[in-house]
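Each chain is listed here by its residues.
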Amino acid sequence: DTGVSQDPRHKITKRGQNVTFRCDPISEHNRLYWYRQTLGQGPEFLTYFQNEAQLEKSRLLSDRFSAERPKGSFSTLEIQRTEQGDSAMYLCASSSGPLAGDREQFFGPGTRLTVL
Amino acid sequence: GEDVEQSLFLSVREGDSSVINCTYTDSSSTYLYWYKQEPGAGLQLLTYIFSNMDMKQDQRLTVLLNKKDKHLSLRIADTQTGDSAIYFCAESVSQGNLIFGKGTKLSVKP
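Residues numbered from 1 in each chain as written. Chains lettered and ligands numbered in written order. Predicted model: local features only at pLDDT ≥ 70, side-chain atom pairs only at ≥ 80, totals over all residues. Heavy atoms only, no water.

1. Some thoughts on the packing of aromatic side chains
Note the threshold: For this analysis, a ring pair means two rings from Phe, Tyr or Trp (six-membered ring only for Trp) whose centres lie within 6.5 Å, classed as stacked if their planes differ by under 30 degrees, edge-to-face if by over 60, and tilted for the remaining angles. Starting at the N terminus, helices and strands are each numbered in turn, a helix being any DSSP run of H or I of at least four residues and a strand any DSSP run of E of at least two. The cut-offs for exposure are 20% and 50% of the maximum accessible area for each residue type, with area from a 1.4 Å probe on protein chains only; residues under the lower value are buried, those over the upper are exposed, and the others partly exposed.
For the structure shown, the criterion picks out 16 aromatic pairs over all chains. With centroids separated by 5.3 Å and ring planes inclined at 85 degrees, the aromatic side chains of Phe107(A) and Tyr35(B) adopt a geometry described as edge-to-face. Taken together, the positions of Phe107(A) in strand β10 (residues 106-107) and Tyr35(B) in strand β4 (residues 31-37) put the pair across two chains. Take Phe107(A) and Tyr35(B): they sit in the same class, and that class is buried.

2. Some thoughts on the nonpolar core
Residues and elements named next belong to chain B. Cut-off, in case you're wondering: Here, the term nonpolar core denotes a set of buried Ala, Val, Leu, Ile, Met, Phe, Trp, Tyr and Cys residues that are joined through side-chain atoms within 4.5 Å. Contacts are assigned to residue pairs with any non-hydrogen atoms lying within 4.5 Å of each other.
In this structure, Trp34, Leu72, Leu74 and Tyr87 are the most contacted members of the largest nonpolar core, which totals 22 residues. Elements with a minimum of two residues in this core: β3 (18-24), β4, β5 (43-50), β7 (61-66), β8 (71-76), β9 (85-92) and β11 (104-109). The contact partners of leucine 72, leaving out residues within four places of it in the chain, are Ile20, Asn21, Cys22, Leu32, Tyr33, Trp34, Ile49, Val63, Leu64, Leu65 and Cys89.

3. A few points about the sheet that holds strand β7 (residues 65-68) of chain A
Residues and elements named next belong to chain A. Keep this limit in mind: Two strands pair under a simple rule: DSSP has to find at least two bridges between them. In this analysis an axis means a line fitted to C-alpha atoms, helices contributing only their contacting stretch, and an angle means the value between N-to-C directions, from 0 to 180 degrees.
Overall, antiparallel pairing links the four strands, which are arranged β1-β3-β8-β7 in an open sheet. A strand with exactly one partner marks an edge of an open sheet, and here the two such strands are β1 (5-7) and β7. Neighbour-to-neighbour, the strand axes of the sheet open up by a mean angle of 15 degrees, direction not taken into account. Pairing of β7 with strand β8 (residues 75-79) involves four bridges; the strand directions are antiparallel. Considered in β8, the bridge of serine 66 is made with glutamate 78.

Rendered as structure tokens:
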């Protein structure tokens, strides 16, 4: 296993369309996080999963956003009715917490979304 | 609320030491992190420090933590052109999600 992978790496869509991103964490990592990064900013937390349970959601995660991790392995992030303000890099991270102390989050390469 | 502040730019000459500074607000943070991001690449975890430590050294990297002042710094010894990147300071909060600063762009001149 070479790390966290994300697909697609780039997505261009028209305003109003729905998009879905996938994240595959490091094997046996039970925590999975989604972040969003806009130009010139640091990543901002969106949501996280402990196995298949979604345990926390940021107020940044509007009703148009939904995330799932159905079998506790890969995760999907769907954005419905995309808006130009959704254009950003969407980052996924995984960690082995909580028993390991959840100290290290390893990030994937990200999916860059452009909404026209 | 939680906030992490960093200076936006730092320029050094190759071979010099670089010091990147960060301040944070959440005194309950258990771990503080430094990540590196190169153009077009994801975030690479460089190092982290537990909040009850005041220093951690890892090869060319030295992290200093002043918990009283909520100040964190990253020193890179013998800075190389390959160290040019954006460096993010982050603190862990609540269930483990991270709060990031806006990043410090390090430019290394030959």
